[in-house]
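Survey of secondary and tertiary structure
As a plain string of letters, each chain reads:
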Amino acid sequence: MFDPDSWYAEEIERTIITEDEIRAKVAELGDRVSADYAGTDEVLLVGVFKGAVMFMADFARALSVPVKMEFMALSSYGSSTTSSGTVRILKDIDSDVAGKHLLVVEDIIDSGLTLSWLLKYLEGLHPASVAVVSMLRKPGVQRVDIPVKYLGFDIPNEFVVGYGLDYAERYRELPFVGVLKPSVYQK
Ligand code: PRP
């Protein structure tokens with residue numbers, strides 16, 4: 001819940017997705033994915049550092065099928081605020097994913113370039129299947145077509161933070177998604 005007495009109260013313009021809405025959506029996505037993968041031995045969740053950590057932790061606990069978790073750290077070349085589509089792996093998956101059912105867990109799809117690259121990379125490892133679950137997506141800004149099977153919310157193309165999303169590494173821990181005041185990043 002947005003706390004008007006908190007350290008961030010003067011920095012967040014408004015909440016666009018509340019903590020309750022996030023909780024309900026995680027449960028709904030968990031039910032859908034559990035139904036779709038019912039009977040599967042194991043689903044391998046692939047989270048991308050750092051933004052997906054909050055959603056990964058909640059989503060994994062909302063599933064009723066057995067999972068394993070892998071994390072990758074990726075870095076895109078180019079400026080810090082725009083994806084270039086050229087990605088470098090800083091930390092790779094630890095296990096052999098051939099023949100496994102992979103579910104990529106993302107916090108947000110913006111240009112889509114990170115995920116587009118990642119999906120090609122994962123397909124090359126010969127999994128049994130690959131699907132994507134993303135909590136957020138900014139519609140209309142994707143530069144590539146991304147097949148997102150499970151989506152939480154489409155959100156406006158604004159500077160959002162919280163629930164994993166950062167500005168200069170801050171705000172990831174906020175339990176809601178909010179719009180950052182321009183005064184914070186226009187200093
Ligand atoms: C964010 C987010 C996605 C990616 C989406 O990560 O977590 O991975 O950007 O952007 P795209 O659709 O334009 O490729 P970021 O590179 O900011 O790293 P972070 O998760 O550590 O904040």
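Report on the accompanying structure.

1. Describing the packing of aromatic side chains
Summed over the entire model, instances satisfying the criterion amount to 11 aromatic pairs. Taking 5.6 Å as the distance between ring centres and 50° as the angle between the ring planes, the aromatic pair formed by Phe2 and Phe176 counts as tilted. On the criterion of sequence distance, the pair formed by Phe2 in the segment before β1 (12-17) and Phe176 in the loop between β8 (160-161) and β9 (177-180) is long-range, its members being 174 residues apart. Residue Phe2 is classed as partly exposed on the basis of its relative accessible area, which comes to 27%. Accessibility expressed as a relative area gives 1% for Phe176, which makes it buried.

2. Brief notes about unusual backbone geometry
Going from Phe49 to Lys50, the amide bond is cis rather than trans, its omega being -10°. When you line up the elements, Lys50 lands in the loop between β2 (43-48) and α2 (53-61). Positioned with a positive phi, Tyr163 is a non-glycine residue whose angle comes to about 45°. For Tyr163, a relative accessible area of 8% translates into the label buried. Unusually for a residue other than glycine, Ala168 sits at a positive phi of about 50°. In this structure, Ala168 sits in the loop between β8 and β9. Judged by its relative accessible area of 58%, Ala168 is exposed.

3. Notes on the packing of helix α1 (residues 19-36) against α2
Remark: α1 packs on α2, axes separated minimally by 9 Å, with the N-to-C direction vectors making an angle of 55°. Here α2 runs oblique to α1, going by the angle between their axes. Considering only the axes of α1 and α2, their crossing is right-handed. Counting all contacts with α1, which are made through Val26, Leu29, Gly30 and Val33, the residues of α2 involved are Phe55, Asp58 and Phe59. A breakdown of the residues in the contact of α1 with α2 according to their chemical character gives 5 nonpolar, 1 polar and 1 charged.

What counts and what doesn't
- Residues numbered from 1 in each chain as written.
- Predicted model: local features only at pLDDT ≥ 70, side-chain atom pairs only at ≥ 80, totals over all residues.
- Heavy atoms only, no water.
- Phe/Tyr/Trp six-rings, centres within 6.5 Å; stacked < 30°, edge-to-face > 60°.
- Helix = DSSP H or I, 4+ residues; strand = E, 2+ residues; numbered from the N terminus.
- Buried < 20%, exposed > 50% of the residue type's maximum accessible area, 1.4 Å probe, protein only.
- Axes fitted to C-alpha atoms, helices over the stretch in contact; angles between N-to-C directions.
- Parallel < 35°, antiparallel > 145°, perpendicular 65-115°, else oblique.
- Left-handed = near helix turned anticlockwise from the far one by under 90°.
- Contact = heavy atoms within 4.5 Å.
- Nonpolar A, V, L, I, M, F, W, Y, C, P; charged D, E, K, R; others polar.

On their own, these measurements won't tell you what the molecule is for.
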